[in-house]
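Residues per chain are reported as follows:
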Amino acid sequence: MSWVLLAAVMFVPALVFGAIWQLFPSADEPPRWRTFVATRLEHLAERIRPPRPPEYDPFTTLRVQERLGVVADHVRSLELDPRTFARAERIIASQLAYDQLLVEACKLAGVEVQPAAKGDPAERFREEVELASRGWAW
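So, here is what we can say about the structure in this document. Since this is a predicted model, take the numbers as computed values, not measurements.

It is worth spelling out the side chain of Glu 127 at this point. As for its placement among the helices and strands, Glu 127 is situated in helix H5 (residues 121-133). Arg 126 provides the closest opposite charge to the buried, unpaired Glu 127, separated from it by 4.6 Å. Filtering out sequence-adjacent residues up to four positions away, Glu 127 remains in contact with Leu 102, Val 103, Cys 106 and Val 113.

Here's what the structure looks like:
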């Protein structure tokens, strides 16, 4: 029981004085009313300002073009090698990966992606032609 009394005598005043001390701002921090008004003004300014356009990163485009080239070369090498184990499955998986990269490239280039079945060669060809017409090469 004496330990509980000792802990109460030592810690309760420290907690009370610590809570009171938090009410007074230091010289380094501004008054709370000023920070409150500043945050409210920032929220108001965000609502009034027009939305910022997304920032364009050319390295993302370069990475997607490079990956498209690598995956296209991989598909070509699979199609040329008749002795590859599970060749059809690998070609299908590689073409699906290629299609996903094409969709990502179309989003970067601003090309509309039309809904189609997975692995649709007509949609793949349309996306490739649209990207090539916009200067993409892989």
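Quick look at the environment of Glu 127 now. On the accessibility criterion, Glu 127 (4% relative accessible area) is buried. In the structure, Glu 127 is positioned 85 residues away from Glu 42 in sequence and 42 Å away in space, judged by C-alpha atoms.

This paragraph deals with the nonpolar core. Among the nonpolar cores identified, the biggest contains 13 residues, and Leu 68, Tyr 98, Ala 105 and Leu 131 are the most heavily contacted of them. For this core, the secondary-structure elements that each account for two or more residues are helix H3 (58-80) and helix H4 (87-109). Once you skip the residues sitting within four places of it in the chain, Leu 68 turns out to touch Tyr 98, Leu 101, Leu 102, Ala 105 and Trp 138.

A cluster of nonpolar side chains, contributed by Val 12, Val 16, Phe 17, Ile 20, Leu 23 and Phe 24, occupies part of the molecular surface with about 630 Å² of accessible area. Of the residues examined, Ile 20 reaches a relative accessible area of 40% and is grouped as partly exposed.

Here is what the cut-offs are and how they apply
- Residues numbered from 1 in each chain as written.
- Predicted model: local features only at pLDDT ≥ 70, side-chain atom pairs only at ≥ 80, totals over all residues.
- Heavy atoms only, no water.
- Helix = DSSP H or I, 4+ residues; strand = E, 2+ residues; numbered from the N terminus.
- Buried < 20%, exposed > 50% of the residue type's maximum accessible area, 1.4 Å probe, protein only.
- Lys, Arg positive; Asp, Glu negative; His and termini not counted.
- Salt bridge = Lys/Arg side-chain N within 4 Å of Asp/Glu carboxyl O.
- Contact = heavy atoms within 4.5 Å.
- Core = buried A, V, L, I, M, F, W, Y, C linked by side-chain atoms within 4.5 Å.
- Patch = residues over 30% accessible without salt bridge, like charges linked within 9 Å, V, L, I, M, F, W, Y side chains within 5 Å.
- Areas by Shrake-Rupley, 256 points an atom, 1.4 Å probe, with all protein chains shown as cover.

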